[in-house]
Amino acid sequence: MDIFLLEAIINGILLGGVLALLALGLNLIFGVIDVVWICYAELVMCGMYMIFWLHGFFGWPILIASFAAILGVAGLGVLLHLLVISPILGSAPINQLLATGGMLFFLQSLATLLFGTDFRNIGLRLPIIEFGDIFISYSRLLAFGAALIGAVALYLFLSRTYLGIAMRAIAQDREVMGLMGVDQRRIYLITSAVGGALAGLAACLLVLQYDVHPFIGLSFGPITFMICVLGGLGNMIGGFVAAFVMSQIIAIGGYYFSIEISYVLAFVFFIVLMFIRPQGLLAR
Amino acid sequence: MLSLRSVSAGYGSFRALFDVSLEVAPGEAIGVVGPNGAGKSTLMRVISGMLRSFSGELAFEGRSLTHLPAYRIVEAGIAHVPEHRRLFSKLTVEENLRIGAFLPQARRNYAERSEWVYALFPRLLERRRQLAGTLSGGEQQMVAIGRALMSKPKMLLMDEPSAGLAPLVVEQVFNLVRRIREEGFTVLIVEQNLQQVLEVVDRAYLLEVGRIRLSGSAAELKTNPMIQQAYMGL
Ligand SMILES: Nc1ncnc2c1ncn2[C@@H]1O[C@H](COP(=O)(O)OP(=O)(O)OP(=O)(O)O)[C@@H](O)[C@H]1O
Ligand SMILES: [Mg+2]
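The structure presented is a predicted model; accordingly, all values stated were derived computationally and were not measured. All residue numbers refer to position in the chain's written sequence, counted from 1. Labels follow written order: the first chain is A, the first ligand is 1, and so on. Local features in this predicted model are restricted to residues whose pLDDT is 70 or higher, and side-chain atom pairs enter the listing and the counts only when it is 80 or higher, whereas totals over whole chains, interfaces and linings include all residues. The basis for every side-chain value is the complete set of non-hydrogen atoms in the structure, without hydrogens or water.

Caption draft 1: Structural detail: the coordination of the magnesium ion (ligand 2). Any N, O or S atom lying within 2.8 Å of the metal counts as a donor, and for Na, K and Ca the limit rises to 3.2 Å; water is left out, so some sites can look incomplete. Taken together, the protein donors to the magnesium ion (ligand 2) comprise Ser41 of chain B (OG) and Glu83 of chain B (OE), at separations of 1.9 to 2.2 Å. On the criterion of sequence distance, the pair formed by Ser41 of chain B in helix H1 (residues 40-48) and Glu83 of chain B in the loop between strand S6 (78-81) and helix H3 (93-100) is long-range, its members being 42 residues apart. Strands are runs of DSSP state E lasting at least two residues, helices are runs of H or I lasting at least four, and both sets are numbered from the N terminus onward.

Caption draft 2: Broad picture of the packing of aromatic side chains. Stacked, edge-to-face and tilted labels apply to pairs of Phe, Tyr and Trp rings (six-membered ring for Trp) whose centres lie within 6.5 Å, assigned for plane angles under 30 degrees, over 60, and everything in between, in that order. Inspection of the entire model under this criterion finds 12 aromatic pairs over all chains. On the numbers, 5.6 Å between centres and 75 degrees between planes, the contact of Tyr210 of chain A with Phe220 of chain A is edge-to-face. Of this pair, Tyr210 of chain A sits in the loop between helix H8 (184-206) and helix H9 (217-230) while Phe220 of chain A sits in helix H9, and the two are 10 residues apart along the sequence. When its relative accessible area of 6% is taken as the criterion, Phe220 of chain A is described as buried. Put simply, the rings of Tyr49, Phe52, Trp53, Phe57, Phe58 and Phe115 of chain A touch in pairs and so form one group of aromatic residues. We note Arg98 of chain B situated over the ring of Tyr162 of chain A; from NZ or CZ to the ring centre the distance is 4.4 Å. Geometrically, a lysine NZ or arginine CZ counts as sitting over a ring once it is within 6 Å of the ring centre and also within 35 degrees of the ring normal. Directly above the ring of Tyr110 of chain B sits Arg98 of chain B, whose terminal nitrogen or CZ lies 5.9 Å from the centroid. Here's how the labels work: a residue is buried when its accessible area is under 20% of the maximum for its type, exposed when over 50%, partly exposed in between, all with a 1.4 Å probe on protein chains only.

Caption draft 3: Summary view of the site of ligand 1. Residue and element names in this part refer to chain B. Taken together, the neighbourhood of ligand 1 is formed by 15 residues, with Lys40, Ser41, Thr42, Glu83 and Gln192 sitting nearest. Throughout this description, a polar contact denotes any pair of N or O atoms lying within 3.5 Å of each other; where both atoms belong to protein, one of them has to be capable of donating a hydrogen while the other can accept it, and for residues adjacent in sequence the pair is counted only when both atoms sit in side chains. Here an oxygen atom of ligand 1 sits 2.9 Å away from a polar atom, N or O, in the main chain of Gly37. Relative to its unbound accessible surface of 640 Å², ligand 1 loses 64% to contact with the protein. Of all the elements, H1 adds the most residues to the shell around ligand 1, at four residues. Gly is placed with the polar residues, together with every amino acid not listed as nonpolar (Ala, Val, Leu, Ile, Met, Phe, Trp, Tyr, Cys and Pro) or charged (Asp, Glu, Lys and Arg). For the shell around ligand 1, the per-class residue count stands at five nonpolar, six polar and four charged. Only a single heavy atom is needed: when it lies within 4 Å of a molecule or strand, its residue is near that molecule or strand. Residue burial considers only the protein chains on display, and all accessible areas are found by Shrake-Rupley using a 1.4 Å probe.

Caption draft 4: Seen up close, the sheet that holds strand S4 (residues 55-60) of chain B. Residues and elements named next belong to chain B. At least two DSSP bridges between two strands are required for those strands to pair. With respect to topology, four strands assemble into an open sheet ordered S2-S1-S4-S5, the strand pairing being antiparallel. One side of each edge strand has no neighbouring strand; the edge strands of this open sheet are strand S2 (14-24) and strand S5 (63-64). Relative to S4, strand S1 (residues 2-11) is paired through five bridges, and the arrangement is antiparallel. If you follow Leu4 over to S4, its bridge partner there is Leu58.

Caption draft 5: Region of interest: the sheet that holds strand S7 (residues 155-159) of chain B. All names here are of chain B. The sheet built from six strands is open, its strands ordered S6-S7-S8-S3-S9-S10 with mixed pairing. Of all the strands in the sheet, the pair left with one neighbour each is S6 and strand S10 (211-217). Within this sheet the neighbouring strands show an average axis-to-axis angle of 15 degrees, counted without direction. Across four bridges, the pairing between strand S3 (residues 29-33) and strand S9 (residues 203-208) is parallel. Bridging across to S9, Val33 finds its partner in Leu206. Packing of H1 onto the sheet brings it into contact with S3, S6, S7, strand S8 (186-191) and S9, and relative to S7 it is tilted by some 150 degrees. The contact criterion used throughout is that any non-hydrogen atoms of two residues lie within 4.5 Å. With axes taken as lines fitted to C-alpha atoms, and helix axes fitted only over the stretch in contact, angles between N-to-C directions fall between 0 and 180 degrees. Along the sheet, helix H8 (residues 167-182) makes contact with S3, S7 and S8, crossing S8 at roughly 160 degrees.

Caption draft 6: Region of the structure containing the packing of helix H2 (residues 40-57) of chain A against H8 of chain A. All names here are of chain A. Put simply, H2 and H8 touch, their axes get as near as 8 Å, and they point 55 degrees apart. As summarised for this structure, H2 and H8 are arranged oblique, according to the angle between their axes. Once H2 is placed against H8, the crossing between them reads as right-handed. Only Gly195, Leu198, Ala199, Ala202, Ala203, Cys204 and Leu206 of H8 make contact with H2, whose side of the interface consists of Tyr40, Leu43, Val44, Gly47, Met48 and Ile51. Here the angle decides the label: under 35 degrees means roughly parallel, over 145 means roughly antiparallel, 65 to 115 means roughly perpendicular, and every other value means oblique. Should the near helix be turned counterclockwise from the far one by less than a right angle, the crossing is left-handed, whereas a clockwise turn marks it as right-handed.

Caption draft 7: Just a nonpolar patch on the surface, in detail. Every patch collects residues that have over 30% relative accessible area and no salt bridge, joining them within 9 Å if they carry like charges and within 5 Å if they are nonpolar side chains (Val, Leu, Ile, Met, Phe, Trp, Tyr). Salt bridges are counted wherever a side-chain nitrogen of Lys or Arg sits within 4 Å of a carboxyl oxygen of Asp or Glu. Among the surface-exposed residues, Val264, Val268, Ile271, Val272, Phe275 and Ile276 of chain A lie close enough to one another that they form a single nonpolar patch of about 610 Å² accessible area. Looking at where Phe275 of chain A falls in the secondary structure, it is placed in helix H11 (residues 259-276).

Caption draft 8: Broad picture of H11 of chain A. All names here are of chain A. Here the expected span of a helix is defined as 1.5 Å times the quantity of residues minus one. For H11, which comprises 18 residues, the first-to-last C-alpha distance of 26 Å matches the rise-based estimate of 26 Å (1.5 Å per residue) to within 8%. If you check which residues of H11 are buried, you get Ser262, Ala266, Phe270 and Leu273. An end-on view of H11 places all buried positions within 85 degrees of arc, on one side of the element. Away from its buried face, by an angle of more than 90 degrees, H11 presents the exposed residues Glu260 and Phe275. Buried residues along H11 sit in contact with H9 and helix H10 (236-256). The reported arc concerns the directions from the helix axis to the C-beta atoms and nothing else.

Caption draft 9: Inspection of the interface of chain B and chain A at higher detail. Taken together, the contact between chain B and chain A spans 22 residues of the former and 23 residues of the latter. Put simply, buried area is the surface a 1.4 Å probe can reach on two separate parts but cannot reach once they are joined, added for both. Summing both partners gives a buried area of about 2,200 Å² for chain B against chain A, and 64% of it is carried by carbon and sulfur. On the chain B side of the interface with chain A, the three residues burying the most area are Tyr71, Arg98 and Phe102 of chain B, jointly 32% of the side's total. Across the chain B-chain A interface, the total number found is three salt bridges. Between Asp173 of chain A and Arg86 of chain B there is a salt bridge, with the nearest N and O atoms lying 2.6 Å from each other. Seen at the junction of chain B and chain A, the total is eight residue pairs in polar contact (both at pLDDT 80 or more). The dominant element in the side of chain B that touches chain A, judged by the number of residues it contributes, is H3 of chain B, at four residues.

What follows is the structure, encoded as structure tokens:
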């Protein structure tokens, strides 16, 4: 097999890990609270800025800055829920979309106002690893590993803990949760924090590979939504699988054509699949 | 233990309960009977806080429930087995029981409580890793009751536990209600199965179009001519 194709496939898998993390977070929010955070990738952008300032400017060690960013974005998730989502929980889905969509532009504009449109880099150079003739960037490998650990941790949380089980139950019957002694508002807040923390983790991993600017969210947001819809909105496993399918299309398309064309291919694949399987890739 | 004083409730502008008053003493088993649409389930929902009353007073062990949300009422010790069971069908039997033990004090005693519930329903022990939605109707009713018992309530509200079950299984459900009574729980049970429910309860209330028409001991109601005529086909 062509060594460069193999390299592209490996890079595709590594990219898939981070996309899967984003898809898990978005699906979690949708599955539990029944709203779509259109501004999810903008939360990632906020997290990237946090790391940039804490590490690149204030000189905090990268691990501590990353940890602070995860907590910080978790806090943003809680704020988003309290200020924007919770007042409109009962209203029509279109209003909820408009509200979180509005947050997208708000966060972009705020970042532009505060930081300008400069591309900023945290200036951390991680080595390139060489396996035989294949070159893999260490930062991508790290991102993939951390994303997998995040996904496994989320899986354990959802399957083993009382809170996790309640989160899976709440989507099936909201009314009856009260009879179980569960305060829905508390579950929503915790879910928003976990969803935010996942976006924060993604920010830690992406900031190693990409420069931060106010519009960086547009590079991951749309593809994340396509992945979630492809996997069946709210379906965690479907989203996880779809993330790797999409990242392979982008990687292999990028190898044969160009990276721009590969995104076009991914969109075409998405649209065609939506005609064939509107319920999502893994729906029964 | 539980007392309702002229409680009215309904949905939007529609009234389903009018001035309902009712008393349950500790250790009693009380039946609520009546035709379809009488407001029996509405009454249960008001007690457990799923539905807010329009007016009237609800109290449990001397403490007012009137403004408490459902999750606080479970904490106070009232568990509700809702109409149609309402299991989490995509979760396993064991996970359904875990949710039933969501309250902090119930979590601490999970091992002991679940052992007790599995002893009450050995069938569920065999099926504990199965998705609740794939169980038979009778087994699902066991899960619904078991889930409610996990919170270690003092009082159990049961809304038509025998609905949709075969006669043999209905018999089992009523035996179960007897056993739950013997364990010392106070029980408030809604049933269409008048003849059978009067065998297991101490007293019963007859509800018609949102009002209490009649109440008395099980023995009295069994011999009441109006009940015999309208509900027992005698
Ligand atoms: N969610 C609801 N919204 C509007 N009306 C409702 C709702 N639930 C019940 N009702 C109405 O309230 C009245 C009482 O209903 P309820 O369910 O309490 O009756 P029930 O005695 O439990 O009947 P059944 O024996 O058929 O279960 C009925 O007229 C019903 O149509
Ligand atoms: Mg009913």
